[in-house]
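Understanding the architecture of this molecule
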Amino acid sequence: MKNIKKIAIFDFDGTLVRTQMPEDGKVIWKNTTGNDWPHVGWWSKKESLDTNVFNQEPILAVIEAYHNHNDCDETLMVMLTGRRTHLSVEVEQILSDNDLSFDKYLYNYGGATLQNKIEQIDKLIKEFSDVECITLFDDRFEHIPTFKDHFYGLMDSKVIELFDIYHVDEDGNVNQI
């Protein structure tokens, strides 16, 4: 792989794509299919990504940022989601339908989403040891302080030189933190 100096990380749900939240999604499912939602959970179910039922719209401000980062040969483009690996076909099809491709597609292999994302970021840094900068886009504001603390720790230990974190709010606005 190319000489990677920067890793640009994009979350999926609510960041790259405006997917349905469980409450609204179950109503849309009922109205579209005529059936009650067939599961207890939401995020681990492939039906929650059914493009015949749900309009999975890209978030335009994030797509613009994606294109800005994707133009650099020294940037590793990563999609990192809390969704489980068994949904990779559905997730990657939605991304492909929106002309979005990544160098790496990373899924939650088990456990809490935030901890899993931190572990996977650390693995990327070990794999691409010349990385100087990490840029992260995520919609879960409650996760931002942990990412920030972790990245400051990486800077303090001279693992990376800098980082940028962008929060994607519910209106699709991208705000640097």
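**Remarks on the overall build of the protein chain**
Per the secondary structure count, the protein chain includes five helices and eight strands. Its helices and strands taken in sequence order, the protein chain reads β-β-α-β-α-β-α-β-α-β-α-β-β from the N to the C terminus. The C-alpha atoms of the protein chain give a radius of gyration of 17 Å, which matches the 16 Å a tight globule of 177 residues would have. In terms of its C-alpha atoms, the protein chain occupies a principal-axis envelope of roughly 55 × 30 × 30 Å. The proportion of buried residues among the 177 residues of the protein chain is 43%. Intrachain contacts of the protein chain at a sequence separation of at least 6 include 70% that bridge at least 24 residues. Of the roughly 9,100 Å² of accessible surface on the protein chain, a fraction of 46% belongs to carbon and sulfur atoms. Considering the protein chain, the positive charge centre built from 17 side chains and the negative charge centre built from 32 side chains are found 6 Å apart.

**Let's talk about the pairing of strand E4 (residues 75-84)**
Of all ten residues in E4, eight are buried; the element is thus mostly enclosed. The sheet contact formed by strand E1 (residues 6-10) and E4 spans five bridges and is parallel. Paired with Phe-10 across the strands is Met-79, a residue of E4. Across four bridges, E4 lies against strand E5 (residues 104-108) in parallel orientation. Its bridge partner being in E5, Leu-80 is matched across the sheet by Leu-106.

**Some remarks on the environment of Ile-144**
Within the fold, Ile-144 resides in helix H5 (residues 144-156). Ile-144 gets classed as buried once you look at its relative accessible area, which sits at 2%. Distance in space between the C-alpha atoms of Ile-144 and Ile-165 is 7.7 Å, their sequence separation being 21 residues. The contact partners of Ile-144, leaving out residues within four places of it in the chain, are Ile-165 and Ile-177.

What counts and what doesn't
Residues numbered from 1 in each chain as written. Predicted model: local features only at pLDDT ≥ 70, side-chain atom pairs only at ≥ 80, totals over all residues. Heavy atoms only, no water. Helix = DSSP H or I, 4+ residues; strand = E, 2+ residues; numbered from the N terminus. Rg over C-alpha atoms; globule rule 2.2 N^0.38 Å. Buried < 20%, exposed > 50% of the residue type's maximum accessible area, 1.4 Å probe, protein only. Contact = heavy atoms within 4.5 Å. Areas by Shrake-Rupley, 256 points an atom, 1.4 Å probe, with all protein chains shown as cover. Lys, Arg positive; Asp, Glu negative; His and termini not counted. Charge placed at Lys NZ, Arg CZ, Asp CG, Glu CD. Pairing = 2+ DSSP bridges.

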